Amino acid sequence: MIGSRSNHILGLDIGTFTVKGVLLEHLKQGYRVIKTGQVPLYERVESYDPTKLSSIDSLGAIKKLITKFNIKPQKTNLVTGLGGAATSLKEIKSIQMTNEELSTSLTFEARKHLPIDESDTIIDFQVLGEDPQNPEQLRILLAASTKKLYSFHEDLLTEAGFKVGAVNLEPLAMVNAYFGLEDYPEEGVIIFLNVGARHTTVVVDGRQDRIFSRDIPIGGHHFTNELAKRRDINYSAAEAIKIEEGIAAFQSTSPDEGGALAIQEKTKIDELVDEISRTLRYYIKETGQNQFNLVVLSGGSANLIGFDEYLSEKISLPVEVYNPFRALETAEQIDSNPANMVVSVGLAMRSE
Ligand SMILES: Nc1ncnc2c1ncn2[C@@H]1O[C@H](COP(=O)(O)OP(=O)(O)OP(=O)(O)O)[C@@H](O)[C@H]1O
Ligand SMILES: [Mg+2]
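Residues numbered from 1 in each chain as written. Chains lettered and ligands numbered in written order. Predicted model: local features only at pLDDT ≥ 70, side-chain atom pairs only at ≥ 80, totals over all residues.

## Things to note about the overall build of the protein
Piece 1. Of the regular secondary structure elements, the protein holds 10 helices and 14 strands.
Piece 2. For the protein, whose C-alpha radius of gyration is 20 Å, the value lies close to the compact-globule estimate of 20 Å for 352 residues.
Piece 3. Projected onto its principal axes, the C-alpha coordinates of the protein cover approximately 65 × 50 × 40 Å.
Piece 4. The proportion of buried residues among the 352 residues of the protein is 40%.
Piece 5. Considering only intrachain contacts with a sequence separation of at least 6, the fraction spanning at least 24 residues in the protein is 65%. (Helix = DSSP H or I, 4+ residues; strand = E, 2+ residues; numbered from the N terminus. Rg over C-alpha atoms; globule rule 2.2 N^0.38 Å. Buried ≥ 20, exposed ≤ 12 C-beta atoms within 10 Å, placed from the backbone. Contact = placed C-beta atoms within 7 Å.)

## Brief notes about helix α2 (residues 99–111)
Along an α-helix, residues three or four apart share an orientation, since each turn contains 3.6 residues.
Piece 1. End to end, α2 covers 18 Å across 13 residues, agreeing with the expected 18 Å (1.5 Å per residue, within 8%).
Piece 2. Those residues of α2 lying buried are L102, L106, E109 and A110. When α2 is viewed along its axis, its buried side chains cluster within an angular range of 90° and face the same direction. Set apart from the buried face of α2 by more than 90 degrees, the exposed residues are E100, E101, T104 and F108.
Piece 3. On its buried side, α2 packs onto β5 (87–95), β6 (121–131) and β7 (134–146). (Expected span 1.5 Å × (residues − 1). Arc of directions from axis to C-beta.)

## Observations regarding the site of ligand 1
Piece 1. Looking at ligand 1, there are 21 residues lining it, with G15, F17, G196, G220 and G300 nearest.
Piece 2. Every element with two or more residues in the shell around ligand 1 is listed here: α5 (220–231) and α6 (235–245). (Near = placed C-beta within 6 Å.)

## Re the nonpolar core
Piece 1. Judged by nonpolar contacts, the single largest core of 84 residues is most densely connected at L24, I191, F192 and A348.
Piece 2. Looking at which domains feed residues into this core, each of domain 1 (87–142) and domain 2 (184–322) gives three or more.
Piece 3. Residues in contact with L24, not counting those within four places in the same chain, are I9, G11, Y31, R32, V33, I34, A348 and M349. (Core = buried A, V, L, I, M, F, W, Y, C linked by C-beta atoms within 7 Å. Domains from an automatic or database assignment.)

## Quick notes on the packing of helix α8 (residues 268–287) against helix α9 (residues 307–315)
Piece 1. Across the interface, α8 lies against α9 with an axial gap of 11 Å and an inter-helix angle of 45°. Classified by the angle their axes make, α8 and α9 are oblique. Crossing of α8 over α9 shows right-handed handedness. Contacts between α8 and α9 involve V273, I276 and S277 from the former and L311, K314 and I315 from the latter. (Axes fitted to C-alpha atoms, helices over the stretch in contact; angles between N-to-C directions. Parallel < 35°, antiparallel > 145°, perpendicular 65-115°, else oblique. Left-handed = near helix turned anticlockwise from the far one by under 90°.)

## With respect to α9
Piece 1. When we look at burial in α9, the residues that qualify are F307, Y310 and L311. Looking down the long axis of α9, one finds its buried residues gathered within 95° of arc, a one-sided arrangement. Every exposed residue of α9 that faces more than 90 degrees away from the buried side is listed here: E309 and E313.
Piece 2. Buried residues along α9 sit in contact with α8, β12 (292–298) and β13 (319–321).
Piece 3. Once α9 ends, the next one or two residues include S316, with phi positive near 50°.

## Digging into the sheet that holds strand β2 (residues 18–26)
Piece 1. If you trace the 6 strands from one edge of the open sheet to the other, you get β8-β4-β1-β2-β3-β14, paired in mixed fashion. Where the open sheet ends on each side, the last strands, each with one partner, are β8 (166–169) and β14 (329–330).
Piece 2. Pairing of strand β1 (residues 8–14) with strand β4 (residues 77–82), which is carried by 4 bridges, proceeds in the parallel orientation. Within the sheet, the bridge partner assigned to I9 lies in β4 and is N77.
Piece 3. Contacts from helix α1 (residues 55–69) reach β1, β2 and β3 (31–40), with the element oriented near 140° to β3. (Pairing = 2+ DSSP bridges.)

## What to know about unusual backbone geometry
Piece 1. A positive phi angle is found at N70, which is not glycine, with a value near 60°.
Piece 2. Unlike most non-glycine residues, D232 shows phi in positive territory, near 55°.
Piece 3. Counting through the fold element by element, D232 comes out in the loop between α5 and α6.

## What about the pairing of β6?
Piece 1. In this sheet, β7 lies alongside β6 in antiparallel orientation, the contact comprising 10 bridges. Counted as the bridge partner of F125 is L142 from β7.

## Concerning the domain arrangement of the protein
Piece 1. Taken domain by domain, the protein holds domain 1 (87–142) and domain 2 (184–322).
Piece 2. Relative to domain 2, the C-alpha centre of domain 1 lies at a distance of 30 Å.

## Quick look at the environment of L317
Piece 1. If you trace the backbone, L317 turns up in the loop between α9 and β13.
Piece 2. Separated by 25 residues in the primary sequence, L317 and F292 place their C-alpha atoms 7.5 Å from one another.
Piece 3. The residues contacting L317, other than those within four sequence positions of it, are F292, V295 and S312.

What follows is the structure, given as structure tokens:
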């Protein structure tokens, strides 16, 4: 049975616009792609409103994906991801301690980065090794989430019939999907950007550099909303224009183009680009590292026509829309857009 073999792992990325899944076979060396799929959370795009989404919408999409893949959820090895503002990924330094002491001190640390009203924190950590600058200290990768988010996620998977497997953080999955298949740069870091519907995840990582992640609450949903308001059209018409015209739809300045933008007005896309620049300046200030080699773009909104070039020009760095299947053997035709499958590929590459 597909999916139930012990070396088959399903990476499931439950977004607020689409649910994405990749079933990978773990070979002795490398992976084979068995299935890929993407299912929207809504029936009709005009009714899409992420503030009104409920677990029923997510559940419906997950069930459709199960049917499409023809798998038995209770027999599937599953890896899922958590992301967004109620999660945190941080690399910190600590003196050598017992695991128990570390756990208490890291829980305290994690609370500083999570919303205060949900201070019920769960953490996971991994010792990365000694700090090369100070051998008495350890480099520790701290992953945290709120109990509320975790239980919601667990309930959803159980409801869909799965045995809850490993739960990873989305930023780590994005990085895994790349560095699991490509080499680390000799020097400097790579910037990973996953532009979804509701949020954008930025991760900076390199061979020896401190991993850094930040969540920006701007994504494709905000682009579409803005276009709908400015042009006084409904959401689905704006979504169709966005997909057809790409970034040009946001840049037109002539007033006879249906109330397009005045030239001085900042678009949501520019707000996002500003936040990305700010994040990179912060990273330089914190780490002293300013050699950014490449921006690896993923997520549904990575497909916005012209966005890669626009971003590249604005931040003066090369930008590549990432295809995680590029170096993978595939068992069948991939019917989903590759850049949007990066998180699911990264999740499915995890082997426990
Ligand atoms: N060809 C395209 N051009 C422009 N935007 C696109 C295109 N295809 C998808 N999108 C946009 O991508 C967004 C969905 O991306 P994605 O599937 O990564 O989101 P998600 O993971 O469900 O959301 P989130 O991670 O924010 O919760 C939508 O806003 C959609 O309009
Ligand atoms: Mg997403």
